[in-house]
Amino acid sequence: MSEDRELDVVVFGATGFVGRLVAGYLAGHAPGGVRIGLAGRSGQRLADVRTGLGAAASAWPLLVADLADPASLAAMARAARVVVSTVGPYRAQGLALVQACAGAGTHYADLTGEVLFIRDSIDRCHDAAVAAGARIVHCCGFDSVPSDLGVLGLHQAARADDAGDLQDTTLVVTALRGGVSGGTLASMMGEQAEVRASEQRRQVVADPYALSPDRAAEPDLGHERDPGWARYDGGLRVWTGPFAMAGINTRVVRRSNALQGWAYGRRFRYREVTGFGASPAAPLLATAVSAALKAAGAGLAFGPSRAMLARLLPGSGQGPGERTRRTGYFRIQIHTRTSAGARYLGKVEAQGDPGYAATSVMLGQTALCLALDTDQLPDRAGVLTPATAMGAALAARLRSAGHTLTTRQITELPGKLSHPAGHPGAGRVALVP
Ligand SMILES: NC(=O)c1ccc[n+]([C@@H]2O[C@H](COP(=O)([O-])OP(=O)(O)OC[C@H]3O[C@@H](n4cnc5c(N)ncnc54)[C@H](OP(=O)(O)O)[C@@H]3O)[C@@H](O)[C@H]2O)c1
């Protein structure tokens with residue numbers, strides 16, 4: 001990759017809700033000397049955002065670029081070593097920027113959770129990115145960094161102990177509190193609309209190996225659909241329900257396994273659930289949250305209710321307020337058993353609204369990692385995942401930024417999973433600021 005770029009990092013979409021947060025995080029935390037630019041389709045709005053970022057950003061260059069203008073994307077890709085994009089929904093027009101970055105040998109990271117977009121990116125940009133030495137990294141926020149780095153940490157711990165391959169592996173969200181922005185809702189509704197309109201796309205999204213680099217080579221492990229309803233997990237001794245992000249996270253984690261030559265194991269079975277504990281109220285809570293998720297999905301899927309919700313919920317540029325972002329949090333446990341019978345527990349936790357405060361840390365650190373940690377990154381290029389593009393280097397950065405990522409071998413289930421009364425916020429999501 002060429003080192004003679006004008007800028008180290010460009011934040012494209014800096015006028016949007018999460019783009020402003022990422023720009024703000026970099027203004028507060030990027031080391032001196034890192035050359036950062038802000039990009040978007042309105043020079044005036046970019047100037048307003050830059051003013052709001054204070055002295056640290058006052059000299060940051062502004063780049064006017066529009067997804068509808070390929071020449072502007074090519075110029076932006078040529079100007080920077082790393083482009084991070086918060087311009088979503090990505091599926092609508094986002095591929096043009098991925099193509100520009102892949103062609104120019106520019107590293108790229110984003111916050112998409114849209115399976116159809118990533119599948120297209122793999123099919124159309126992977127080879128060009130490999131040829132040019134670009135790391136294209138989707139899903140660099142709450143989906144799917146905690147899942148992807150958490151499972152990588154389990155694999156590395158089991159490997160270090162010579163404890164065999166990962167087999168049954170379950171991510172349990174034990175506590176979650178946060179909000180949602182207009183861009184996230186638009187992205188979810190966009191993918192749902194496409195899936196409803198096309199049986200072929202529905203099958204792509206439903207495939208547990210939708211993001212595989214080689215679908216035919218994936219193992220046949222039987223039923224691997226994402227859990228859709230409340231159920232008691234006898235192994236973990238806890239009531240569980242679906243987790244809304246499982247549909248993207250599980251596919252990213254399986255892609256990470258395949259891109260590493262199935263290093264986690266050929267019998268790696270992975271799922272993600274929300275945990276509700278084992279109290280008498282747990283089955284009711286798990287059922288109620290499962291029903292609410294189904295209702296929300298149906299509400300977003302059908303025209304009239306979708307139009308009504310669109311009027312009530314945040315629009316573009318809007319999202320959770322400062323207090324919700326500050327007081328939000330997430331706590332995740334990942335349980336695995338290895339082929340040698342060892343049991344490991346990973347924990348990933350952070351203070352701050354998962355999708356916004358914590359996500360701006362994840363994407364901001366991703367940008368710095370891709371720009372500054374070149375000699376510590378795995379020797380890979382192409383359409384990658386957070387774990388395969390950055391792995392331990394990003395995990396170390398997130399720990400330094402205050403996030404928890406730990407792994408340890410265990411013999412007993414931890415108390416908090418089986419007695420979640422200690423997590424009064426379990427499964428709670430505040431939708432509006
Ligand atoms: N993975 C995660 O954990 C996570 C968390 C949060 C958000 N997200 C994703 O991040 C994305 C952004 O969300 P958001 O709430 O920040 O959205 P938003 O507030 O609507 O911001 C969208 C941004 O895209 C820009 N934009 C739209 N069309 C453009 C075009 N043709 N050319 C250039 N820029 C264009 C907008 O510019 P203008 O200001 O000019 O309109 C704005 O800056 C969504 O896809 C969402 O799902 C993911």
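Whatever comes next refers back to the structure up there.
Conventions and cut-offs
Residues numbered from 1 in each chain as written. Predicted model: local features only at pLDDT ≥ 70, side-chain atom pairs only at ≥ 80, totals over all residues. Heavy atoms only, no water. Pairing = 2+ DSSP bridges. Helix = DSSP H or I, 4+ residues; strand = E, 2+ residues; numbered from the N terminus. Axes fitted to C-alpha atoms, helices over the stretch in contact; angles between N-to-C directions. Buried < 20%, exposed > 50% of the residue type's maximum accessible area, 1.4 Å probe, protein only. Right-handed = clockwise from strand over helix to strand, strands pointing away. Contact = heavy atoms within 4.5 Å. Near = heavy atom within 4 Å. Polar contact = N/O pair within 3.5 Å; in protein donor to acceptor, adjacent residues only side chain to side chain. Areas by Shrake-Rupley, 256 points an atom, 1.4 Å probe, with all protein chains shown as cover. Nonpolar A, V, L, I, M, F, W, Y, C, P; charged D, E, K, R; others polar. Parallel < 35°, antiparallel > 145°, perpendicular 65-115°, else oblique. Left-handed = near helix turned anticlockwise from the far one by under 90°.

Caption draft 1: Structural context of the sheet that holds strand β9 (residues 238-242). The strand order β8-β9-β10-β7-β11-β12-β14 describes an open sheet built from seven strands, whose pairing is mixed. Both edges of this open sheet fall to β8 (231-233) and β14 (404-410), since each of them pairs with a single strand only. Put simply, the sheet's adjacent strands are angled 35° from each other on average, direction ignored. Pairing geometry for β9 and strand β10 (residues 269-277), over four bridges, is antiparallel. The partner of Pro242 across the bridge, within β10, is Val273.

Caption draft 2: Region of the structure containing the pairing of strand β5 (residues 107-110). Residues of β5 alternate between two faces, with His107 and Ala109 on one and Tyr108 and Asp110 on the opposite face, all of them buried. Of the strand pairs in this sheet, strand β4 (residues 80-85) and β5 are connected by four bridges, and their pairing is parallel. In the strand pairing of β5, Ser85 is matched with Asp110. As defined by bridge partners, β5 adjoins strand β6 (residues 135-137) across two bridges and the pair is classed as parallel. Counterpart to Tyr108 in the pairing with β6 is Ile136. Remark: the β5/helix α6 (residues 115-132)/β6 crossover connection has right-handed handedness.

Caption draft 3: Representation of the sheet that holds β5. The seven strands are arranged β3-β2-β1-β4-β5-β6-β13 in an open sheet whose pairing can be described as parallel. Each edge of the open sheet is held by one strand with a lone partner, namely β3 (62-64) and β13 (382-384). The sheet shows a mean angle of 20° between the axes of neighbouring strands, taken without regard to direction. Relative to the sheet, α6 contacts β5, β6 and β13, its axis offset from that of β13 by approximately 140°.

Caption draft 4: Structural view of the site of the ligand. Surveying the vicinity of the ligand reveals 30 residues, the closest of which are Thr15, Arg45, Ser181, Ser187 and Ser316. In this structure, Phe142 approaches the ligand through a main-chain N or O atom, which is 3.1 Å from an oxygen atom. The backbone of Gly183 places a nitrogen or oxygen atom 3.1 Å from an oxygen atom of the ligand. When the ligand sits alone it has 940 Å² of accessible area, and the protein chains cover 91% of it. For the shell around the ligand, the secondary structure elements donating two or more residues are α1 (17-29), α4 (90-93), α8 (182-197) and α14 (354-372). A breakdown of the residues in the shell around the ligand according to their chemical character gives 11 nonpolar, 15 polar and four charged.

Caption draft 5: Spotlight on the packing of helix α7 (residues 145-160) against helix α16 (residues 392-400). Remark: α7 packs on α16, axes separated minimally by 10 Å, with the N-to-C direction vectors making an angle of 115°. Judged by the angle between their axes, α7 and α16 are roughly perpendicular. Between α7 and α16 lies a crossing whose hand is left-handed. When α7 is examined against α16, the residues Val145, Leu149 and Leu152 are found in contact with a partner set consisting of Ala392, Leu394, Ala395 and Leu398. A class-by-class count of the residues in the contact of α7 with α16 yields seven nonpolar, no polar and no charged.

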